[in-house]
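This is what each chain is made of:
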Amino acid sequence: MTSAPGKPPIPVMPGGLPGIGHLPRFARDPLSFFTALRERGDIVRWRLGNMDSVFVAHPDDIQSVFLNVEKTFSMDVDSGYAFTLFAGQGIINTHGEFWRRQRKMMQPGMHPRRIAGYADTMVTLTEQMLQGWRPGETRDIRVEMLALTQRIAAKTLFGADVSGDAATVGDALDVASREIGAEFRGVTMFIPPSVPTPGRRRLKAAIGQVEQVLYRIIAERKAATGDRPDDMLSMLIDARDDDGQPMSDKQLRDETMTLYIAGHETTGNTLVWAYQLLARNPHVYERMIQEITEVVGNRPPEMSDYVALRYTEAVVKETLRLYPPAWLFQVKAAADVTLGGHAIARDTNVWMSQWATHRDPRWFDTPDAFRPERFLGDNLATMPTYAWFPFGGGPHVCLGNRFALVEAVLILATIAQRYRLDLDPDLVITPQPLLTLQPGRDVPMRLHRPTAA
Ligand code: HEM
């Protein structure tokens, strides 16, 4: 790796060990490690095991990487044994021509018109959850939000409701999610796939359970005559590629699993982080409730409210800045490339971290403060485009980004009509960077009736 004439060489992260590089620091505390990389420079060299890597912190260089994915940067990176077993050839694990085919076939499922159709499900299932809540109770909001987004994902994806299939699928997915997370932290990352660790055995059994349900639903759906549920699975079954070919059952399984894992935990955790931030910032909470009262009043929120709930959406965006569910991103240089004036050799692993860039004081004044107004009006003008990239960017940008924003805003609005959630101010909730960034503990919150602002 060299630099353009007149440019100093790419700084190297100190502390790399022979053979393993910076793996111990990465595995011990990845969030601090990527923050330290960012503080070292806009582009920094480091090593994960024997993988030659650079870390990229500057929004302009991040933009340059994203816009060149599928050209000079490749998504052909090892997603690990667990994730690959789970999501198979699902869109997140693919690249090149096959990815293009899949993206084209799946894109219509996320058309704003279809999302408007899912909005009713989002509100109805939130109201159902609230029927079980009582004022004065304390509830673990992490359990509540993940169960809610899981039910919404199951219903909008393959029409399953809470009681039957979704419970089996949900339990199995919990096991899968834990195993994938453990691998991601580097615990089993370097154990060859042929070694059947106990975690891998659990993972296989869990995936088997989900597959059984999915293949049954796919077969029933294909055999059905007349009206079928208007969900993502029906859309995927009907989709045809440019040659008029449908997806195979295996591909339908892979894409459904992918959408499920991509869609529910990310949004669920965003809501958990949002509530703990709102509880610690009462002036923000007040302003959000006031907006919801003015726009929605007491009737059930609707899709058309989403565009008017600007401040509530800014609360979600600011939460995604401080606690980005996808906190790390890796691609590979598919050719010799230049980045920020430095030459990067082919096959170098290129890493970017939403966690590190979203908290860079150069782009966000007092970066640790929760200030939704950063995402309103003129304030956006001073923010470089890729200083905030919770949904990635470029051709692979999150397929569900609008779905996620609509879902989070409508859930916040529906709950705000009935309850205000309080948190013990001394409770410390440490983010745990697994496959997604998660609260490292339960999040008990007390339910109150909202008082008029
Ligand atoms: C707050 C919630 C969410 C966050 C933070 C998030 C984040 C991301 C990120 C960072 C990527 C990678 C983008 C890239 O490669 O440039 C991604 C991809 C993807 N997401 Fe999301 N996501 C969220 C919700 C959802 C939902 C609700 C769905 C579906 C229902 C979804 C489906 C997908 C799919 C299918 C991809 C792969 C796109 C491709 O490779 O072409 N996501 N998401």
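Let me sum up the structure you'll find in this document. (Residues numbered from 1 in each chain as written. Predicted model: local features only at pLDDT ≥ 70, side-chain atom pairs only at ≥ 80, totals over all residues. Heavy atoms only, no water.)

1. Here's the deal with the sheet that holds strand E12 (residues 444–448)
As a reminder of what qualifies: A pair of strands is considered paired only if DSSP assigns at least 2 bridges between the two. Runs of H or I in DSSP of at least four residues are treated as helices and runs of E of at least two as strands, each being numbered from the N terminus. Only the stretch in contact is used when fitting a helix axis, every axis being a line fitted to C-alpha atoms; angles between N-to-C directions are given from 0 to 180 degrees.
If you walk across this open sheet you meet the three strands as E4-E12-E9, and the pairing is antiparallel. Strand pairing shows two members of the sheet lacking a second neighbour, strand E4 (138–140) and strand E9 (420–422), which therefore form its edges. Averaged over all adjacent pairs, the angle separating strand axes in this sheet is 40°, with direction ignored. Across three bridges, E9 lies against E12 in antiparallel orientation. Along E12, the bridge assignment pairs Leu421 with Leu447.

2. What to know about the packing of helix H11 (residues 249–280) against helix H12 (residues 282–295)
Condition: In these notes the angle categories are as follows: under 35 degrees is roughly parallel, over 145 is roughly antiparallel, 65 to 115 is roughly perpendicular, and the rest is oblique. In what follows, residue pairs with any heavy atoms lying within 4.5 Å of each other are defined as contacts. Classes in brief: Ala, Val, Leu, Ile, Met, Phe, Trp, Tyr, Cys and Pro nonpolar; Asp, Glu, Lys and Arg charged; the others, Gly included, polar.
It is the contact of H11 with H12, at a shortest axis distance of 5 Å, that shows an interaxial angle of 110°. With respect to H12, the axis of H11 lies roughly perpendicular. Residue-level inspection shows Tyr275, Leu278, Ala279 and Arg280 of H11 in contact with H12, the latter providing Pro282, Val284, Tyr285 and Met288. Along the lines of polarity and charge, the residues of the contact of H11 with H12 split into seven nonpolar, no polar and one charged.

3. What about the sheet that holds strand E5 (residues 329–333)?
Sheet architecture is open: five strands sit in the order E1-E2-E8-E5-E3, paired in mixed fashion. Among the strands making up the open sheet, the edge pair consists of strand E1 (43–48) and strand E3 (73–74). For strand E2 (residues 51–56) and strand E8 (residues 349–352), the ladder comprises three bridges, and the chain directions are parallel. Looking at the pairing, Val54 lines up with Val350 of E8. Contacting E1, E2 and E8, helix H2 (residues 30–40) crosses the sheet at an angle of about 145° to E1.

4. Some words on the pairing of E8
Condition: Under the scheme applied here, a residue whose accessible area is under 20% of the maximum for its type counts as buried, over 50% as exposed, and between as partly exposed, the area being computed with a 1.4 Å probe on protein chains only.
In E8, alternate side chains face the same way, and those of Asn349 and Trp351 on one face and Val350 and Met352 on the other are all buried. Here four bridges tie E5 to E8, and the two strands are oriented antiparallel to one another. The partner of Phe329 across the bridge, within E8, is Met352.

5. Examining the coordination of the iron atom of the ligand
Condition: Water is not part of the atom set, so a site may look incomplete; the donors themselves are N, O and S atoms within 2.8 Å of the metal, or 3.2 Å for Na, K and Ca.
Coordination of the iron atom of the ligand by the protein comes from a single atom, Cys398 (SG), at 2.3 Å. Along the chain, Cys398 turns up in the loop between helix H15 (354–358) and helix H16 (401–416).

6. Topic: the site of the ligand
Rules: Each residue is tested against the molecule or strand, and it is near if at least one of its non-hydrogen atoms lies within 4 Å. In protein, a polar contact requires one atom able to donate a hydrogen and another able to accept it; more generally it is a pair of N or O atoms within 3.5 Å, and residues adjacent in sequence count only if both atoms are side-chain atoms.
Near the ligand you find 28 residues, and of these Trp99, Arg103, Gly393, His396 and Cys398 are the closest. Side-chain polar atom of Trp99 to an oxygen atom of the ligand: 2.8 Å apart, as the coordinates give it. Taking His396, its side chain carries an N or O atom lying 2.8 Å from an oxygen atom of the ligand. Those elements giving two or more residues to the shell around the ligand turn out to be helix H5 (96–106), H11 and H16. Here the element with the most residues in the shell around the ligand is H11; it accounts for six residues. Here the residues of the shell around the ligand sort into 19 nonpolar, eight polar and one charged.

7. Focus on the packing of aromatic side chains
In plain terms, the rule: Each aromatic pair joins two rings of Phe, Tyr and Trp (for Trp, the six-membered one) with centres within 6.5 Å, and gets the label stacked for planes under 30 degrees apart, edge-to-face for over 60, and tilted for any other angle. A ring is considered to have a charge above it if a Lys NZ or an Arg CZ atom is located within 6 Å of its centre and within 35 degrees of its normal.
Overall, the coordinates contain 19 aromatic pairs when judged by the stated rule. Pairwise contacts between aromatic rings join Phe26, Phe33, Phe34, Trp46, Phe55, Trp327 and Trp351 into one cluster. For the cation-ring pair, Arg359 lies above Trp355, with the distance from its terminal atom to the ring centre recorded as 4.1 Å. The aromatic ring of Tyr285 is capped on one face by Arg420, whose charged end is 4.5 Å from the ring centroid.

8. Digging into the pattern of salt bridges
Threshold: Throughout this description, the term salt bridge denotes a Lys or Arg side-chain nitrogen within 4 Å of a carboxyl oxygen of Asp or Glu.
By the definition in use, this model includes 26 salt bridges. The salt bridge partner of Glu373 is Arg287, with a shortest N-O separation of 4.0 Å. Here the residue Glu373 occupies a position in the loop between H15 and H16, and Arg287 occupies one in helix H12, the gap between them amounting to 86 residues. Residue class for Arg287 comes out partly exposed when judged on its relative accessible area of 41%. Of the charged contacts, one joins Glu313 and Arg310 as a salt bridge, the two residues approaching to 3.5 Å between their closest N and O atoms.

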